[in-house]
Amino acid sequence: MLSPNNRALYTEALTPPGGYLLDTAIAATFSMNLNTLLSVPLQLVMQSTEDRDELMKDPITLYEALQRATTRVHVFAQQGRIQAPRQHHLLYSLLEPMIVEVMAPNGGAFHPKLWLLRFFEETGGGVAYRLMLPSKNLTSDKSWDVALTLDGSLGDTENSIGVDLAAFIEKLPGLAVNEFNPSNELLSMLGELRNISWQLPE
């Protein structure tokens, strides 16, 4: 259970296990706030450097690093539910490649709240997964929040959770309002999901 003043949820979820780096991430949300979304690539950039102070002093390098980070994240959101900030900022333009507006089938509302992340081992070539199911959308809403976070590893056989999760993720590109071409990393993730073994709480 997370206090309304605790904004560490996405920071913690995006932090890779020791010895791993984030490869790609998929998020699903009904509504979205661009200020909140901007914290995602910023967190990825801060993780990738030890000299954060120097990075923040160099706007060009920071901009380029954020631009690279946005290619790793796909956020699927209900069409027309993106909350624009009152004041425009150049950094908001970086978020456009991350956002995929969708429409639910049969006139319904697209209302899942999910984060699925794949991490690559820096040296051994292994992969690790994380699934987060928060109760809030990707906004600055001040409501209390509760979230389930599971870590997973690639196994040799299919399992029921993996099959159901893969079935949901596979449908997302087809709900896109505009043309969406899945990245190679996303396609690779879809090929593994059925075999992910999730560490469930007791």
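Engineer: Sorry if this is basic, but what is going on with the overall build of the chain here?
Structural biologist: The helix and strand tally for the chain stands at 6 helices and 9 strands. A buried classification covers 44% of the 202 residues belonging to the chain. Within the chain, counting contacts between residues at least 6 apart in sequence, those at least 24 apart form 77% of the total.

Engineer: Honestly, helix H6 (residues 184–192) in this entry has me stumped. Any pointers?
Structural biologist: The α-helix advances 3.6 residues per turn, and as a result positions three or four apart in sequence lie on the same side. The complete set of buried residues in H6 reads Leu186, Met189, Leu190 and Glu192. Down the axis of H6, the sector holding all buried residues measures 165°, keeping them to one side. Structural note: H6 exposes Asn184 and Gly191 on the side pointing more than 90 degrees away from its buried face.

Engineer: Looking at this structure, I do not really get the packing of aromatic side chains. What am I missing?
Structural biologist: Note on aromatic pairs: each is described by the distance of the centres and the angle between the planes. Summed over the entire model, instances satisfying the criterion amount to 2 aromatic pairs. With a centroid separation of 5.5 Å and an interplanar angle of 80°, the aromatic rings of Phe76 and Phe180 are classed as edge-to-face. Placement of Phe76 in strand E3 (residues 73–78) and of Phe180 in the loop between helix H5 (160–171) and H6 is noted, with a sequence separation of 104 residues between them. The class of Phe76 is buried, set by a relative accessible area of 1%. Plain terms: the ring middles of Tyr129 and Trp198 are 6.5 Å apart, the flat faces sit at 80° to each other, and that makes the pair edge-to-face. Here Trp198 lies in strand E9 (residues 196–198) and Tyr129 lies in strand E7 (residues 127–134), a separation of 69 residues in the sequence.

Engineer: What exactly am I supposed to notice about the environment of Asp164 here?
Structural biologist: Mapped onto the secondary structure, Asp164 falls in helix H5. Asp164 sits in the exposed class, given a relative accessible area of 56%. C-alpha of Asp164 to C-alpha of Leu193: the two residues are 29 residues apart in sequence and 9.2 Å apart in space.

Engineer: Please clarify how the environment of Leu117 should be interpreted in this entry.
Structural biologist: Here Leu117 lies in strand E6 (residues 114–121). Relative accessible area serves as the criterion here: at 0%, Leu117 is assigned to the buried category. For the pair Leu117 and Met132, spaced 15 residues apart in sequence, the C-alpha separation works out to 8.6 Å. Those residues in contact with Leu117 that sit more than four places away from it in its chain are Ala13, Leu14, Leu22, Thr24, Ala25, Ala128, Tyr129, Arg130 and Met189.

The rules behind each value
Residues numbered from 1 in each chain as written. Predicted model: local features only at pLDDT ≥ 70, side-chain atom pairs only at ≥ 80, totals over all residues. Heavy atoms only, no water. Helix = DSSP H or I, 4+ residues; strand = E, 2+ residues; numbered from the N terminus. Buried < 20%, exposed > 50% of the residue type's maximum accessible area, 1.4 Å probe, protein only. Contact = heavy atoms within 4.5 Å. Arc of directions from axis to C-beta. Phe/Tyr/Trp six-rings, centres within 6.5 Å; stacked < 30°, edge-to-face > 60°.

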